[in-house]
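The primary structure of each chain is shown beneath.
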Amino acid sequence: MLPVAPETPPGTPAVLAAAAGMFPAAAAVLAAASEMLPAAPAVLVAASEMLAVLAAVPAVLASSPGMFAGAAVLAVASAIIPGASVIILPSLAVAWLVERSVRQNAQKKAAKAVGALRRAEQARFTTEHKWLEGVRPECRPSEEDIVRMKAKYLYSPNFLHLAVVGSSGSGKSSFINAVRGLSNHDSTAARTGIVEATNAVMRYPDPRPNSQIIWYDVPGAGSPNVPDCQYFNDLGLYIFDCIIVLIDNRFLDSDLAILRACEQFSNVEAFIVRSKSDQHINNMAYDRMPRDFDLGDPDMDDETRSRFQQMKSEGRRRFIEETRQNVQMNLESKNHSPKKVYIVCKDALLAALDNSRPSKAIDEAELLSDVGECVRKRLQSGC
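Residues numbered from 1 in each chain as written. Predicted model: local features only at pLDDT ≥ 70, side-chain atom pairs only at ≥ 80, totals over all residues. Heavy atoms only, no water.

With that settled, consider the packing of aromatic side chains. For the coordinates displayed, the defined rule picks out 10 aromatic pairs. Ring geometry for Phe271 and Tyr342: centres 6.0 Å apart, planes at 55 degrees, overall tilted. Taken together, the residues span a long stretch of sequence, with Phe271 in strand S5 (residues 269–274) and Tyr342 in strand S6 (residues 341–343) at a distance of 71 residues. For the pair formed by Phe271 and Tyr342, the shared burial category is buried. Between Phe293 and Phe308 the ring centres are 5.0 Å apart and the planes differ by 25 degrees, which places this aromatic pair in the stacked class. Of this pair, Phe293 sits in the loop between helix H9 (277–286) and helix H10 (302–333) while Phe308 sits in helix H10, placing them 15 residues apart in sequence. The residues Phe293 and Phe308 share a single accessibility class, namely buried. Ring pairing ties together the aromatic residues Tyr153, Tyr216 and Phe240, which thus form one cluster. The cationic tip of Lys150 hangs over the ring face of Tyr155; the distance from NZ or CZ to the ring centre is 4.5 Å. One residue, Lys340, lies across the ring of Tyr342, its end atom 5.2 Å from the ring centre. (Phe/Tyr/Trp six-rings, centres within 6.5 Å; stacked < 30°, edge-to-face > 60°. Helix = DSSP H or I, 4+ residues; strand = E, 2+ residues; numbered from the N terminus. Buried < 20%, exposed > 50% of the residue type's maximum accessible area, 1.4 Å probe, protein only. Lys NZ or Arg CZ within 6 Å of the ring centre and 35° of its normal.)

Let us now look at the sheet that holds strand S3 (residues 213–217). In a beta sheet, neighbouring strands are held together by backbone hydrogen bonds and run either parallel or antiparallel to one another. Ordered in space as S2-S3-S1-S4-S5-S6, the six strands form an open sheet in which the pairing is mixed. If you trace the sheet from one side to the other, it starts and ends with strand S2 (202–205) and S6, each paired once. Taken over all neighbouring pairs, the strand axes of this sheet differ in orientation by 25 degrees on average, direction set aside. Sheet contacts for helix H6 (residues 172–179): strand S1 (160–166), S2, S3, strand S4 (242–247) and S5; angle to S3, the most-contacted strand, approximately 165 degrees. Strands S1, S3, S4, S5 and S6 of the sheet are contacted by helix H12 (residues 364–381), whose axis makes an angle of about 170 degrees with S5. (Pairing = 2+ DSSP bridges. Axes fitted to C-alpha atoms, helices over the stretch in contact; angles between N-to-C directions. Contact = heavy atoms within 4.5 Å.)

With that settled, the discussion passes to a nonpolar patch on the surface. On the surface, Val94, Val98 and Val102 cluster together to form a nonpolar patch covering roughly 250 Å² of accessible area. Along the polypeptide, Val102 turns up in helix H4 (residues 71–133). You can call Val102 exposed: its relative accessible area is 53%. (Patch = residues over 30% accessible without salt bridge, like charges linked within 9 Å, V, L, I, M, F, W, Y side chains within 5 Å. Areas by Shrake-Rupley, 256 points an atom, 1.4 Å probe, with all protein chains shown as cover. Salt bridge = Lys/Arg side-chain N within 4 Å of Asp/Glu carboxyl O.)

Let us look at the environment of Arg324. Along the chain, Arg324 turns up in helix H10. C-alpha of Arg324 to C-alpha of Arg274: the two residues are 50 residues apart in sequence and 9.4 Å apart in space. In contact with Arg324, not counting residues within four places along its chain, are Lys340, Val341, Ile343, Ile362 and Asp363.

Counted under the stated rule, the structure contains 14 salt bridges. A salt bridge links Arg148 to Asp145; the nearest nitrogen and oxygen atoms lie 3.4 Å apart. Residue Arg148 and its partner Asp145 are both found in helix H5 (residues 143–152); the two are separated by three residues, about one turn of the helix. What makes Arg148 partly exposed here is its relative accessible area of 48%. Under the relative-accessibility criterion, Asp145 is labelled partly exposed at 25%. Between Glu373 and Arg376 there is a salt bridge, and its shortest N-O distance comes to 2.8 Å. Within this pair, Glu373 and its partner Arg376 are both found in helix H12, separated by three residues, close to a single helical turn. Shared partners join several salt bridges into a network, and the residues in it are Asp278, Lys346, Asp347 and Lys360.

Written out as structure tokens, the structure reads:
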């Protein structure tokens, strides 16, 4: 006779089913945890609360031992709870640590990028400041740069290439027209204007017979198109045989920076020229005359006219003296060696080309002579 199995206590199937369901539930929690790195801390909190609930189950089971047919069922059910803890807690902890590591790495990379940007900006500021202070740039143009710029400006070893540079509005185009023997209204003259008329380097061959000079009208330093710090290298001024730095009202940092850059290249001869002398001298004389003074007044008496000429003569002397002092003072302040400044105006330059000397002339003839001597030496040496 077969033994009869003891009757299953009521409620046992439900408890066993719940216990068996804990294993797929634990697996599901683990899978979800691996996909929820950004929310790992929140998941960990929720899991801790779940385990707190599950931890109470053994006490409930212990208080109702009659629900099971034997002690084995109770042991299995009791073992499920710590097993779930062993599976879930380490997995969620790893997920949280991974998420924290990813976040910290991203923060470090962002901080490093910000630091690199600050250093680059500081380096740019330091370079521009040194450039304007006259400190030599650390890099020189490569051979490829020199070849490229010479090709761009149609450089020829059989000619001398003279660039006229300076601040916007200093009268570069008018100066080039005058030294080429042209008025500003000539059909082949360089374009002039109140605002910066030249946006690109313009090439102007000297129209005089047998001349081996090519003049270049260069955009003004400090204009929106050409920042000071990029002026010399970006425009390839290092390829020219001679650079005339034209100054107007003031001797600027950009003028000093160009002169300092010229010193790096033995092939570049630099001249300082003060332009528009006649206009400045007239303005100084006008400032000392009565407010209603008009030089064009046909009814002006001789005494007033004579007084104006006297003011003009005194203004001329003061203008020449102050200009030379100002240039030398600026040169010395930046540790430049003394350099001559040529004071000129376009009308006197035109007259000097015809071997005449008007009353407004100052250094025009000397400038033409010195530039001509530079040209002759360069051509003789084959430069």
